[in-house]
Amino acid sequence: MFGFFKSKIVDWIGVWLLILASLDISAQHKSASAETAIRRLQTQGEVAFQDGKHAEAMMYFKKAIALCIRHNNLPRYADLLIESSSIPYGQGNLSEAIQQCEKALQLLQKSPVDSIRFKAYSNLSFYHSLVFQTEQMQSYLEKAEQMLERQPYLASQTPGFVAAYYNQKGVYYNAAGDFIQATTNLEKALAVAKKYQLSGYLSTFTNNLSTQYENLGNTQKAIMLAKQALSLERTPYQQIVYTLNLGRYYLSLNKPKEAFKYLTQSQQIDDTYGRLNPDYFTESRITLYQNWGSYYAATQQVTKAIRSYDQAITLAQTYWGTKHPLLSVAYRVKAQLLENQGDLNGALVNYRHAINAVCLGTPVKELHDLPVIQEGVLSERELMYALVGQASVMGKFSNRDPFLQPAFETYKLALHLAERIRLNYDVSDAKLLFGQQISLVNEQALRIAYALYQKTHQYQYLKTAFTLTESTRASTLSDARREQTLKKTWVPKELLSKEEQLKKELTSTKLQLQQPNSRKEQDSLKLVLVEQELVLDKFRQQLLQRIPSRHRQSVESMSVDTVREKLLDQQTALLSYVMTEQDLFVFVITQLRVKWVRIPFGQAQKATLAALQQSLYDNPGLSPYKGHAAAQQGYQQLFRPLKPYLQDVQRLIIIRDKELNYLPFEILESTASGRDFLLRSYSIRYAYGASLTQVNASTPWTGGPNGILAMAPFSETSSQKNSFRDTSLLALPASREEIRSVGGLQYANRQATKQEFLDHYASSQIIHLATHARTDDKEAERSFIAFYPDSADYKLYTDELYNLSFNHTQMVVLSACETGRGRLHRGEGLMSLARGFLYGGCPSVVTTLWNAHDQTAAYLSERMYAHLRKGVPIDQALQLAKLDFFSSDMAALYDHPYYWANLVLIGDASVLYESKWATINRISAGFFLLSSIFLGLFLARYWQQHR
């Protein structure tokens, strides 16, 4: 019986399984059928949306959503809400678009699907950016980034939204003015689109990338990319965006004929399609009016230009209201036109409108009013531009006295904003680009401050002007040094090591890109580089988050009082030069007095400077020096006006500006005798800024055997011939004797390899390199220091140098060709190889401005070290070495500044070696102290025994 019932139970189970299976098949069939219907409706909605039929598109999506609700398919419901959020966005209803995506996230709490959640985060970051809700935008970007990090497979599941995420990051960085980071993220977006064949995205990402190259100054590449984007696009709304960009690019190149062609195409698209869907074309129409205004302004059609700008302003106010960054831009470009036409009052009114368009607080109405930043700002960058424009106009009135104070206050606020913006940039290159703009603003502010100083004789204007100038001096270099210090305090060593490894990998890829590769190899390396830059940036941001924000955002510029109290002694003065279009402003600071001197410095003076430079930089052979007259004129222009304030001064710290960076002041001549060089009266060191001249806190050092690393890779001729060596790198026979005079660890010829340097630099307090170097003014990353060519990798390139830490190093001597030269960055100084050592934390670098002469460089080095070992500070040791040269046998043969003036000191001038007499005196003092103690003890015991 049991067996019978068991058999029946099995049969019944089988029947029920068949019934359940059939039901499941039926359910799957219905589900598949429903999904087919949903997909069909979604496709119809997308087609309608692309045709500009928004109402019809939404109808199809709502029907698809209804099917999802009927079949209880919550993930698909959420997905459709996100996909269809583009429709209200296209209609300008951002609040509805945001609500749809937020509702989708709520649905996904019950049925989580990572790929759909990622879509929501990506869209929400974009929508919040459009309504200037920065915190919300950053929050959703971070959530998307975290998901992508944890689940990299999302790139294959939702490639379109992953690409859109990188695009959005690029747009965010662009809005912040960080064009370097924007370019990296847009390159990544384009790479994802190409990899997954997302043809619908290619044109948009390519166009967005073109705007970054235009921002970076590469307008020709921007034009190439914009034309490429235009060739890929068939949608009228996108086409008008690309043609508008092309018109703007050609205007920036001063090619109005080509600009007119693309503006006309834009106008034709707007005339044809704008009437069919006016809301969809409103933003492009605002830009079109504005671009026409710029075209008319460039072609001197002022009336038409103003009318076009007014059309842009009116439409922008209708569409956005009174607050929007692009409305501020429209007011600002109109103000610039009125300013150029001499209508200063009209310009002021429009600059004020531009300020109010991005400020959320109390509107600015009166001349003395300034916006309150704490009340809210839509775009700090646009506000800064508007403030600078307003201040510039105030300084142009013929009776400008009533405008001077408000102009100066406006410049101060603009520079304060600039500091805030700069500190938010993640990479040095972005800070460099921004710093060039801000340096010009500081020059404008200085002219106003000097006028106030002359008018009132109030010391506060001098002090403020110096502090503002210091805030724009080598700010990128200062930031790097400060960041290194903070990281050492707050970041674990293992994380710093990982960052160093990531930098090395990135640099390796950059070096590979410099090699001759096929087009396919180049493209592959560029993709690797983008990935590495993104990884390094993310890791670096994680490290910075470990540093308390109060430290990261706290930057104090060097003040006049701080310079006097902490930097100078009675024998030292600081001279800080600022070169403007027509003047030199010089701050002369000593312990006893501070003076602010204005020196006329126009084209004639600049021509003298150029002639003097030309007489120095070319190898004269044995020809006589022809620069005496120019050197005397240079003295009269650059130094004589300051001489009365330098009584009892023997040491100078000089901060140079612009072309002055190429000039060694030591060669200026006070008389026509041909021998009264400034060198004879002063020891001179140079600095990128006052904050980078601080006296090193380390105590004098006795110079043990491992304290010095000296290298001379090209000291002999017999063993230099190999397949790796660059034939232009000639032998330097005197360099062997040069490093012998230096002492310490010495590596010559075959031993002086790049690897030996990398193995020993970290344990060396003094590094001396007697070798070859090359500086590339156009592409700084191709500059290098050469070591012995034992392999193809014997050159230390700029990017590699900037990855090294020299915090342990007290002095680096670069007895090599033109290591102090490089591309000149406004406000930042020379981007030289020497700067790389300062960037890495070394306080003192002795470097060369032009090609080093083998014999004289060796002699100067030997004499400098001889004086250093006597306990002489670095600046005076170098001065004495050059004076020794004048009295040496070499002087008659090499009677030209070319042979001695190229070696200069940048940075600190501490005493490195403790002199013999200082050691004897310290021992004597110690012996006297001990003797006194023993004598005191003896007398105390004697007194106790004989009481």
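Conventions and cut-offs
Residues numbered from 1 in each chain as written. Predicted model: local features only at pLDDT ≥ 70, side-chain atom pairs only at ≥ 80, totals over all residues. Heavy atoms only, no water. Phe/Tyr/Trp six-rings, centres within 6.5 Å; stacked < 30°, edge-to-face > 60°. Buried < 20%, exposed > 50% of the residue type's maximum accessible area, 1.4 Å probe, protein only. Helix = DSSP H or I, 4+ residues; strand = E, 2+ residues; numbered from the N terminus. Expected span 1.5 Å × (residues − 1). UniProt positions renumbered as here; feature names shortened; annotations may be inferred. Arc of directions from axis to C-beta. Contact = heavy atoms within 4.5 Å.

1. Remarks on the packing of aromatic side chains
With the rule as written, the count across this model stands at 44 aromatic pairs. Between the aromatic rings of Tyr898 and Tyr899, the centroid separation amounts to 5.2 Å while the plane-to-plane angle is 85°, which identifies the pairing as edge-to-face. Judged by its relative accessible area of 3%, Tyr898 falls in the buried class. Taken together, the aromatic side chains of Tyr450, Tyr453, Phe466, Phe585, Phe587 and Trp596 make up a single cluster linked through ring pairs.

2. A closer look at unusual backbone geometry
With phi around 60°, Asn254 is a residue other than glycine that occupies positive phi space. By secondary structure assignment, the location of Asn254 is in the loop between helix 13 (236-252) and helix 14 (256-273). For Gln300, which is not glycine, the phi dihedral falls at a positive 60°. What makes Gln300 exposed here is its relative accessible area of 60%.

3. So, helix 2 (residues 54-70)
Over its 17 residues, helix 2 extends 24 Å from the first C-alpha to the last, a length consistent with the 24 Å expected when each residue adds 1.5 Å. Taken as a whole, helix 2 has its buried residues at His54, Ala57, Met58, Tyr60, Phe61, Ala64, Ile65, Leu67 and Cys68. Of the residues one or two after helix 2, Asn72 is the one with positive phi, at around 55°.

4. Details of the UniProt feature "repeat: TPR" (unreviewed entry) in the protein chain
When the UniProt feature table is mapped to this numbering, "repeat: TPR" (unreviewed entry) covers residues 286-319. Within residues 286-319, the helical portion is 91% and the strand portion 0%, while the C-alpha atoms at the span's ends are 9 Å from each other.

5. A word on helix 30 (residues 735-742)
Those residues of helix 30 that fall on the buried side of the exposure criterion are Ser735, Glu738, Ile739, Ser741 and Val742. Projected down its long axis, helix 30 shows its buried positions confined to an angular sector of 155°, all on one face. Buried positions along helix 30 lie against strand 6 (708-712), strand 7 (745-748), strand 8 (766-770), strand 12 (811-815) and helix 34 (854-868). Two residues or fewer past helix 30, Gly743 is found with a positive phi of approximately 85°.

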